[in-house]
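Notes for the structure review
Now for the letters of each chain:
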Amino acid sequence: MDMKSATQKITKYSWTGLFLILFMLYIVRNTHPDLSDRQSRPIKFQRDTVVYDVSPKEKKRKGSTNSGVTMQRRGNLLYPMVNVTNFPRIDDLDEEECQAMMDDVIVAPASSMPLIALASFPRSGNTWTRSLLQVATGYSTGSVHWESERNRQRVQEWFLAGTEDYMRQTGVCVKTHEFSIDHIPIFNNGAIILIRNPYYSVVSDYFRFFGGLKNISRDQLVESMESRNDHWTKVLLPQFQRWKLTNINWINNCKRLLVVFFEDLERDPVRELTRMVTFLGQPLLPRRIMCAIYNFRPMEAHRSHMNFDPYTPEMHAILDSYIQEVNITLLQKGGNPLPTYEKYALT
Ligand SMILES: *[C@@H]1O[C@H](CO)[C@@H](O)[C@H](O)[C@H]1NC(C)=O
Ligand SMILES: *[C@@H]1O[C@H](CO)[C@@H](O)[C@H](O)[C@H]1NC(C)=O
Ligand SMILES: *[C@@H]1O[C@H](CO)[C@@H](O)[C@H](O)[C@H]1NC(C)=O
């Protein structure tokens, strides 16, 4: 056998081998239900708009309507253009159908999801939004705080992708309260940032931390706010700064960002949830979106508004200047401004 024919033989066999391997992969992929049916979709970037690659399989998914959805891009900020006029009405849904959509939420196969953060200052609706997105997309959500959260009952029962390392990319998005400049680029497919009126988030987080974690009674906490004693006022400055930095750092450093105002989400959950599903690159399934809203109302524990003003005039002045800074940062980026916030009565 001369050199030439040996090479020809090897080439011939390796082509056959390669073909067989590809064929087997194709068979495995198309017979494994989780892989063939519900894989995350690649996101195609264009210069000014983002066009979603709707594969023929997903077009066939019952009730999916997002072919041709486009996004406005303003620098790093994206504005999905959604039209929810033809969505079913809440009254047209039935409980059984909506329950089924909670029961079929799955953890996606490893490495099948893009890395997209759901970033926020604590108590800005992150948990509520995760629940909405899980029902709307059919996929579980993860968390960068998974190591400290994975033993919680709620995580083990409902936020299943949150029980494992978020870098496995099994969640449709990843909760984070982190905001350091090094943390933001980990999410190479961008982030949704939830921004809420800090006058309310800070109060709510005070109850979460000292009531929930430190087991101080609610009456005692309300009393500390009413008298504006040290226990309350000493947490304010760091919290205000954290609210400001969380928002400014994500707005300035995330390459692909969807800004969602918590107040908009409360007022018009259909529209805001549809924008988020679009941004995540998932198929729009109007009945799932409506069932998500049917199943999950804003969390009562997050409201905790006081019927008095717990902030001193000095604290108002500082917080207002931070709010203004975030507002200006958004405007400089070409984004929509913050909504007008309620600020308790100025005393
Ligand atoms: C939204 O869709 C409805 C029904 O298809 C259409 O009549 C309406 O003009 C659309 N609205 C906008 C703002 O495009
Ligand atoms: C929390 O405090 C209450 C009342 O002070 C007490 O009865 C309860 O055992 C405490 N719970 C924990 C988990 O420490
Ligand atoms: C942000 O700016 C807009 C106008 O530029 C204003 O209408 C809105 O009230 C501001 N929001 C806050 C929270 O200051």
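What you are looking at is a predicted structure, and each value in this text was computed from that prediction instead of being measured.

Bringing the nonpolar core into the picture now. Counting residues in hydrophobic clusters, the biggest one holds 48 residues, and the most contacted among them are I195, W232, W250, Y311 and L338. Among the elements that make up this core, the one with the highest residue count is helix 10 (residues 230-253) (8 residues). Residue contacts for L338: discarding those within four places in its chain leaves I195, W243, F261, I323, V326, N327 and L330. Ranked by size, the runner-up nonpolar core spans 43 residues in total, among them C98, L118, W128 and W158.

With that out of the way, let us pick up the pattern of salt bridges. Inspection of every chain in the model, using the stated rule, returns 12 salt bridges. Across the pair R271 and E272 runs a salt bridge whose closest N-O atoms are separated by 2.9 Å. Residue class for E272 comes out buried when judged on its relative accessible area of 2%. For D320, the salt bridge identified is with K343, shortest N-O distance 3.5 Å. In this pair, D320 sits in helix 14 (residues 313-332) while K343 sits in the segment after helix 14, placing the two residues 23 residues apart along the sequence. Taking the relative accessible area as the measure of exposure, D320 reaches 23% and is therefore partly exposed. K343 gets classed as partly exposed once you look at its relative accessible area, which sits at 34%. Each of R89, D91 and D92 takes part in one network of salt bridges that share partners.

A separate point is the packing of helix 4 (residues 95-103) against helix 13 (residues 286-295). Between two packed helices, both the angle of their axes relative to each other and the distance between the axes serve to describe the pair. Remark: helix 4 packs on helix 13, axes separated minimally by 9 Å, with the N-to-C direction vectors making an angle of 95 degrees. Classified by the angle between their axes, helix 4 and helix 13 sit roughly perpendicular to one another. Between helix 4 and helix 13, the contacting residues are E95, E97, C98, M101 and M102 on the first element and R287, R288, C291, Y294 and N295 on the second. Across the contact of helix 4 with helix 13, the residue classes tally to 5 nonpolar, 1 polar and 4 charged.

What counts, and at which threshold
- Residues numbered from 1 in each chain as written.
- Chains lettered and ligands numbered in written order.
- Predicted model: local features only at pLDDT ≥ 70, side-chain atom pairs only at ≥ 80, totals over all residues.
- Heavy atoms only, no water.
- Core = buried A, V, L, I, M, F, W, Y, C linked by side-chain atoms within 4.5 Å.
- Buried < 20%, exposed > 50% of the residue type's maximum accessible area, 1.4 Å probe, protein only.
- Helix = DSSP H or I, 4+ residues; strand = E, 2+ residues; numbered from the N terminus.
- Contact = heavy atoms within 4.5 Å.
- Salt bridge = Lys/Arg side-chain N within 4 Å of Asp/Glu carboxyl O.
- Axes fitted to C-alpha atoms, helices over the stretch in contact; angles between N-to-C directions.
- Parallel < 35°, antiparallel > 145°, perpendicular 65-115°, else oblique.
- Nonpolar A, V, L, I, M, F, W, Y, C, P; charged D, E, K, R; others polar.

Geometry only, nothing functional implied.
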